[in-house]
Amino acid sequence: MNGPLIIDCLETDCFCWLSFQCFSVKHKQCTCYIIFLPNNNMNNGKMLKMPMPSTDSVKVAVRVRPFSQREKNSGSKCVISMHSRTTTIIQDPKNPEHTKTFTFDLAYWSHNGFQKDKDGVFISADPGSKFAGQKEVFHDLGRGILDSAWQGYNTTLLAYGQTGSGKSYSMIGFGANKGIIPNVCEELFQAIENRDKNQEYQVTFSMLEIYNEQVRDLLSRIKKPGGLRVREDQQLGFYVDGLKSVPCENYAQIERLMEQGAKIRTTASTNMNASSSRSHMIITIQFKQVFLDRDLTKLSSINLVDLAGSERQKSSGSEGDRLREGSRVNLSLTNLGNVISALADAAMGKKVLHVPYRDSVLTKLLQSALGGNSRTTLIAAISPADICYEETLSTLRYAERAKKIRNKAVVNTSTLMRESRGENERLLLGCGNCRMAELPACLLGPPCDQISWANQLEQARQEWQQHYVAIAQEQQMMKTFPHLLNVNEDPQLTGVLKHFIQAGTYPSQLTPWEGRGKRVKSHLPAGFGSISDKHASFMNSGGKVTVTPYGKCKVIVNGVPITTKTKLRHLDRIILGSNSAYLYIGFPSERGSEDLSRFDYDFFQLERAAAEGVSADKLGAMNSGDGKADPSVLAVFQDYVKLMPLVAEANQMSKELKKGLNMELKVKNLASSDSRGCDLQKEVTVKVTHQRTHQVWIWSKAKFINRKFLMEELYQRFLDGEDSQVAQEDDPFWDPVEVVHLGSAHIWLQSLAYCMKYEEQVEFLNCDGLEEAVLHIHINPCSPTGQARGEEDVVTDPVDLLGKRMDFQIRLVQCLGTKWLKEDAERGVQMGYRIYDLPNTLYTKPVWKIVNPQIDETVQFTTLNASQEFLNYLQTNALIVDLWGLQEGCAELSCSRLDLMVTGEGHILVDTKKISTVMDIGQSNQIPELYLKLLKLEQETELLRNINRILREENVLLKESIERTSSSQQAHQPSSTRKITWMTAQGPAAREINQMCTTQQASYDREFARALKVFYQSMNVARGQFLKLRHYKPPEDDRMLRPFVHQQSQMLKDFGDLLESSLWKLKNDVALIVKQKKECLLHAE
């Protein structure tokens, strides 16, 4: 316990104390205090009890919100259930039987069971509903914060959860549904009004934001480059130097300050091309009670912290990126998690050597709140949707660790020397002798910086007068002029910026209202959220408002980019630059009682996606056949919509920093399927193209998000006027050159199951479902020596190949019309494929600088004992050949054949399951000679069995035929004649007839095999047409719908004609063969 703590707890008229510092050999420092007290008879022996710290665990509450509109549109299912006020259960959507149960201090069900009252407040729909509204949350958490503050404790409320989970709603609220912060402030001032007149109360308000490890004062319009400094004082601990703290006399003033802070926060996030969800916001209310009759003060600091979206904390968020976890944007939450884990371990009795408070700005300022002098509450906000399962589970685990932390809170009291009433008041209005060492770090500056309360109050009153005038002017202008309201991802920041379009006969540019009774210059400043100087003009003339883009500046109206003067209508949606969204409010005569809340951030992005031709239906959400949307596809669509503004911001930063990159969203596997023809799992990727060198990269969603954070850091340095040049290996806009997946071709293997040749030209389809190139390929059955099989080797039933040796060759002949090579002649291509149980992908040799590269590579495969599984695979699966694009400087693709098993002739073995069971791991990949001999003997035995079976069947048929001939002749001829005829039948004539029948039978089999071959080839063509039909999606543009329907009708007609002609030809061929066979049998008889 330190010296000032003891002194502050002693009520004496006089004392003195000495302090000295000691250093150990290991450089450890401690401070010792010697306190000299007067005689106890002085002051009548009165002494206050030294406040002992109370050990409190962090109080944890979890709250589940309703489905968002985006989740409703996605057909999301609820995976959260709460069976009591303390228990939360989460269900794995992929494995519904797998659940996890968490127990917290409080669990709030706000998902359903509610309705609006006449004032717009959400209340329970019926008495039996378990719905928890804002009132219930404040009653449990907010009142506890107030009670602790009145007792003199420091209190902290942390809101944690992924972006859009409802953190800000619980903390601030929306509309009539006020959150914890406004309710705490309102009730605090209500209680002050009803308190004893012998007490004096001082309330100050401060508001800051932490983004990218920089602190921004949200009550100051002056932006300091690099942000405010976090300093450390021996008594204060960590504090923010220069943070503005405004005295407040009522709740209305705090409400205005929060609006002002939200406006500055919105403008700052727009300037940085960054979402407000990536920053932390801390509101601090410093509450001081002065007891004039007891010469005593109590000082409490109420910290209300809205943390950044927790999804950036995932350790796998940047998996596969060379700059993994390199962003300072991620640093704060990552280190907060480390601090919570360390404190939780310490509370469980584990040995913890170090708690990393100093590793980030956020954890420095929250040092007292976590494990220190504060009563702390954490509210974890979660989404109920199955598509947010991973994030929700992560949040619940985070909260579970936090509830183990133990704090040591004390009552913060201060005493004053008793000399006179006037002196008391003078000291009370000044700094006093307070325990600053125990205050949270983000509240105060050094003591020498404090000015008297009276001076602070007077200065604040003058500013409030100016502010009230500005508010009145703004409200009047909103009633008079058309204007733009900003729309932000955070609902709390929507509508805080207003840009008035005043009347005039000349172009009137966008005029942002600053809220101080003045307007800024007519053009938005350069860099304002990618809005360049002279970006667009807004003209208010003749009772209408028009917008005209300047040059090539980007302006989007109702999701559609515009390039010429466009008339605006009431409630039009406008996006300027990359992602600065505004809702146009028309003239007063145009306005009605519209619900503006439906035009939220999601509305803008969905409209933008629809205009770009992206929808859930186009991605294949309704392809399941049962009419229900595919949740995985809907989740991909939501990812696409979320990433759209981020990609636009990244492109803008690339442009301003002159990096020359262009990024565009792609849906990987949009038109691809697996070897069975089933659609593959889709995912959103970002295609990155260097506009000068034409180099291409494909980034995963996680990698792009990580890079976006790093880009924002670099961009912020650029805006601050610092050096934005970095080494190439640290540049988030740079990556080493890599191979690029261009598309896939599907070659169905059914012909191999009938020992038939396959030769075709097959399309490579890219992720957009468009043709990237054409592959010329041969797949031929062959002998062990590589000789092609003839028509006589065709089988009518694949079961005839069961247990036999099969050899076949795959020959990649040529790649035709490759777009990748047409775009840049210096590029190259490779192909890769893998068949059945082959452990590695086989790649062709790279071919460079040729638009129609000649591949001409042949590989022979062998199965020594064809299994039923392999034959089934050939009948139902396709060979997938991937086309890869090579760029100058990239590593070429290759595979080691050491892991492949080969025959003695060097052919690659497939269908090796049986072989693998008898081979030792340490043996060579070549089949043992003994095993080969054994297989050969088995094959010869099976062959002899088949020959024997065929001979027996032919013998039976021949015997029956002879008997029928004999009985027919006996019925028409004398006995002597029948005897001669029977004897003659045993001679050369009978043998000739038998030989003729056998020859005819072989001929019929060949004809039948040939007919089947033609039919299977026709079916392969039909299958290709069917797949093409399957991937064709209707256009979003209604004008293109008629040509699309005509094209679809023609393709369906062609498909039907082909199917009908193929079946008709097969029917005729089979009928002809049967007819010929009957004629032969009749002739033989």
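Just so we're clear, the structure is a prediction, and the values are computed from it rather than from any experiment.

Undergrad: Got a minute to help me understand the overall build of the protein chain in this structure?
TA: When helices and strands are counted, the protein chain shows 21 helices and 47 strands. Looking at the protein chain as a whole, 48% of its 1085 residues are labelled buried. Of all intrachain contacts in the protein chain linking residues separated by at least 6 positions in sequence, the fraction that spans at least 24 positions is 68%. Carbon and sulfur atoms provide 52% of the accessible area of the protein chain, an area that totals close to 53,200 Å².

Undergrad: Teacher, can you tell me more about helix H14 (residues 701-719) here?
TA: Note: α-helices contain 3.6 residues per turn, so residues at a spacing of three or four share the same orientation. An ideal rise of 1.5 Å per residue puts 27 Å on 19 residues; H14 measures up with 26 Å between its terminal C-alpha atoms. Count one or two residues on from H14 and you reach glycine 721, which has phi positive near 80°.

Undergrad: Even after reading the chapter, I still don't get the environment of threonine 376, so can you show me in this structure?
TA: Locating threonine 376 in the fold gives a position in strand S21 (residues 375-382). Take threonine 376: its relative accessible area is 4%, and that puts it in the buried class. Setting aside anything within four residues of it in sequence, one finds threonine 376 in contact with Ser57, Val58, Lys59, Thr156, Leu158, Ala369 and Asn407. At a separation of 3.4 Å, a polar atom in the side chain of threonine 376 contacts the side chain of serine 374. A polar atom in the side chain of threonine 376 sits 3.0 Å from the side chain of asparagine 407.

Undergrad: How should I be thinking about the pattern of salt bridges in this particular structure?
TA: A side chain of one charge can pair with a side chain of the opposite charge if their charged atoms are brought near each other. Taken as a whole and assessed by the stated rule, the structure comprises 28 salt bridges. Across the pair aspartate 140 and arginine 85 runs a salt bridge whose closest N-O atoms are separated by 2.8 Å. Placement of aspartate 140 in helix H3 (residues 134-151) and of arginine 85 in the loop between strand S5 (80-81) and strand S6 (87-92) is noted, with a sequence separation of 55 residues between them. By relative accessible area, aspartate 140 is classed as partly exposed at 21%.

Undergrad: For this particular structure, what's the right way to read the packing of helix H7 (residues 331-347) against helix H9 (residues 389-402)?
TA: Each pair of packed helices can be summarised by the angle the axes make with each other and by the distance between the axes. Following both chains from N to C, one finds H7 and H9 inclined at 45°, their axes separated by 8 Å at the closest point. Classified by the angle between their axes, H7 and H9 sit oblique to one another. Here H7 contributes Leu333, Leu336, Gly337, Ile340, Ser341 and Ala344 to the contact with H9, which in turn contributes Tyr398, Arg401 and Ala402.

Undergrad: Looking at this structure, I do not really get the pairing of strand S7 (residues 95-103). What am I missing?
TA: Within a regular strand, side chains alternate between the sheet's two faces. Bridging between S6 and S7 involves six bridges; their strand directions are antiparallel. The residue bridging isoleucine 89 from the neighbouring strand is threonine 101, located in S7. Where S6 folds back on S7, the antiparallel hairpin that results is connected by two residues.

Undergrad: It is not clear to me how the nonpolar core should be interpreted in this structure. Could you clarify?
TA: Considering soluble globular proteins, one finds that nonpolar side chains tend to be buried as a cluster. Among the nonpolar cores identified, the biggest contains 49 residues, and Ile747, Ile777, Ile810, Ile835, Phe861 and Leu879 are the most heavily contacted of them. With five residues, strand S41 (residues 806-816) is the largest single contributor of residues to this core. Filtering out sequence-adjacent residues up to four positions away, isoleucine 777 remains in contact with Ile747, Tyr758, Glu759, Glu760, Val762, Ile810, Arg811, Leu812 and Leu879. Counting residues in each nonpolar core, the second largest holds 46 residues, with Val79, Ala107, Val240 and Val361 among its members.

Undergrad: Looking at this model, I keep getting lost on the sheet that holds strand S35 (residues 661-668). Mind explaining?
TA: Across a sheet, strands are paired by hydrogen bonds formed along the backbone, either parallel or antiparallel in direction. Here we have three strands laid out as an open sheet, ordered S35-S36-S37, and antiparallel in their pairing. In the strand order of this sheet, the two ends are held by S35 and strand S37 (696-700), each with one partner. Ignoring which end each strand starts from, the neighbouring axes of this sheet average 30° apart. Relative to S37, strand S36 (residues 683-690) runs antiparallel, the two sharing five bridges. Note that in S37 the partner of lysine 687 across the bridge is isoleucine 698.

Undergrad: Looking at this structure, I do not really get the sheet that holds S6. What am I missing?
TA: In space, the three strands of this open sheet follow the order S5-S6-S7, with antiparallel pairing throughout. Only two strands of the sheet have a single neighbouring strand rather than two, namely S5 and S7. Pairing geometry for S5 and S6, over two bridges, is antiparallel. Across the sheet, the residue bridging to isoleucine 80 is isoleucine 90, located in S6. Sheet contacts for H9: S5, S6 and S7; angle to S6, the most-contacted strand, approximately 145°.

Undergrad: In this structure, what is going on with the side chain of serine 76? I would like to understand it.
TA: For serine 76, the position within the fold is in the loop between helix H2 (69-73) and S5. On the basis of relative accessible area, serine 76 is assigned to the buried category, the value being 13%.

Undergrad: Looking at this model, I keep getting lost on H9. Mind explaining?
TA: With 14 residues, H9 extends 20 Å between its outermost C-alpha atoms, agreeing within 8% with the 20 Å of an ideal straight helix rising 1.5 Å per residue. Buried residues of H9: Tyr389, Glu391, Thr392, Leu393, Thr395, Leu396, Tyr398, Ala399 and Ala402, and no others.

Undergrad: Where do I start with the packing of aromatic side chains in this structure?
TA: When we look at a pair of aromatic rings, we describe it by the centre distance and by the angle of the planes. Applying the stated criterion across every chain, the model contains 14 aromatic pairs. A ring pair is formed by phenylalanine 102 and phenylalanine 104, whose centres lie 6.2 Å apart and whose planes are at 5°; its orientation type is stacked. Of the residues examined, phenylalanine 102 reaches a relative accessible area of 4% and is grouped as buried. Residues tyrosine 836 and phenylalanine 870 carry aromatic rings whose centres are separated by 5.2 Å and whose planes lie at 65° to one another, so their mutual orientation is edge-to-face. On the criterion of sequence distance, the pair formed by tyrosine 836 in the loop between strand S42 (828-833) and strand S43 (842-843) and phenylalanine 870 in helix H16 (residues 868-876) is long-range, its members being 34 residues apart.

Undergrad: Could you clarify how one ought to interpret unusual backbone geometry in this entry?
TA: Glycine aside, residues mostly have negative phi, and peptide bonds are mostly found in the trans state. At histidine 694, a residue that is not glycine, the phi angle is positive and equals roughly 65°. Within the secondary structure, histidine 694 sits in the loop between S36 and S37. Its identity is not glycine, yet aspartate 856 carries a phi of approximately 50°, on the positive side. The residue aspartate 856 is located in strand S45 (residues 854-863) in this model.

Undergrad: Help me out: how do you make sense of the side chain of aspartate 807 in this one?
TA: Checked against the element boundaries, aspartate 807 lands in strand S41. For aspartate 807, the side chain forms a polar contact with the side chain of glutamine 860, separated by 3.3 Å. Apart from the residues within four sequence positions on either side, aspartate 807 is in contact with Asn780, Pro781, Cys782, Ser783, Pro784, Gln860, Phe861, Thr862 and His907.

Undergrad: Explain the packing of H3 against helix H5 (residues 180-193) to me, please; I cannot follow it from the model alone.
TA: The contact between H3 and H5 brings their axes to 10 Å, and the two run at 45°. The orientation of H3 relative to H5 falls into the category oblique. As H3 packs across H5, the resulting crossing turns out to be right-handed. Facing H3, whose interface residues are Val137, Phe138, Leu141, Gly142, Arg143, Ile145, Leu146 and Trp150, H5 presents Ile180, Asn183, Val184, Glu187, Leu188, Ala191 and Ile192. Looking at side-chain class alone, the contact of H3 with H5 contains eleven nonpolar, two polar and two charged residues.

Undergrad: What is the right way to look at the pairing of S6 in this model?
TA: Of all six residues that make up S6, five are buried, and the element is covered over most of its length. Between S5 and the antiparallel strand that follows it, S6, lie five residues.

Undergrad: What should I look at first to understand the confidence of the model for the protein chain in this one?
TA: Detailed reading of the predicted model is not advised wherever pLDDT is low. Of the residues in the protein chain, 73% have a pLDDT of 70 or more, and the chain-wide mean is 78. Within the protein chain, the lowest mean pLDDT, 40, falls on helix H1 (residues 3-8), and the highest, 95, falls on strand S4 (residues 59-64). Confidence drops under pLDDT 50 across residues 35-50; counting only partners more than four residues distant or on other chains, this segment forms 25 contacts. The low-confidence segment residues 312-318, where pLDDT is below 50, has 22 contacts with residues more than four positions distant or belonging to other chains.

Analysis parameters
- Residues numbered from 1 in each chain as written.
- Predicted model: local features only at pLDDT ≥ 70, side-chain atom pairs only at ≥ 80, totals over all residues.
- Heavy atoms only, no water.
- Helix = DSSP H or I, 4+ residues; strand = E, 2+ residues; numbered from the N terminus.
- Buried < 20%, exposed > 50% of the residue type's maximum accessible area, 1.4 Å probe, protein only.
- Contact = heavy atoms within 4.5 Å.
- Areas by Shrake-Rupley, 256 points an atom, 1.4 Å probe, with all protein chains shown as cover.
- Expected span 1.5 Å × (residues − 1).
- Polar contact = N/O pair within 3.5 Å; in protein donor to acceptor, adjacent residues only side chain to side chain.
- Salt bridge = Lys/Arg side-chain N within 4 Å of Asp/Glu carboxyl O.
- Axes fitted to C-alpha atoms, helices over the stretch in contact; angles between N-to-C directions.
- Parallel < 35°, antiparallel > 145°, perpendicular 65-115°, else oblique.
- Pairing = 2+ DSSP bridges.
- Core = buried A, V, L, I, M, F, W, Y, C linked by side-chain atoms within 4.5 Å.
- Phe/Tyr/Trp six-rings, centres within 6.5 Å; stacked < 30°, edge-to-face > 60°.
- Left-handed = near helix turned anticlockwise from the far one by under 90°.
- Nonpolar A, V, L, I, M, F, W, Y, C, P; charged D, E, K, R; others polar.
- pLDDT = per-residue confidence, 0-100.

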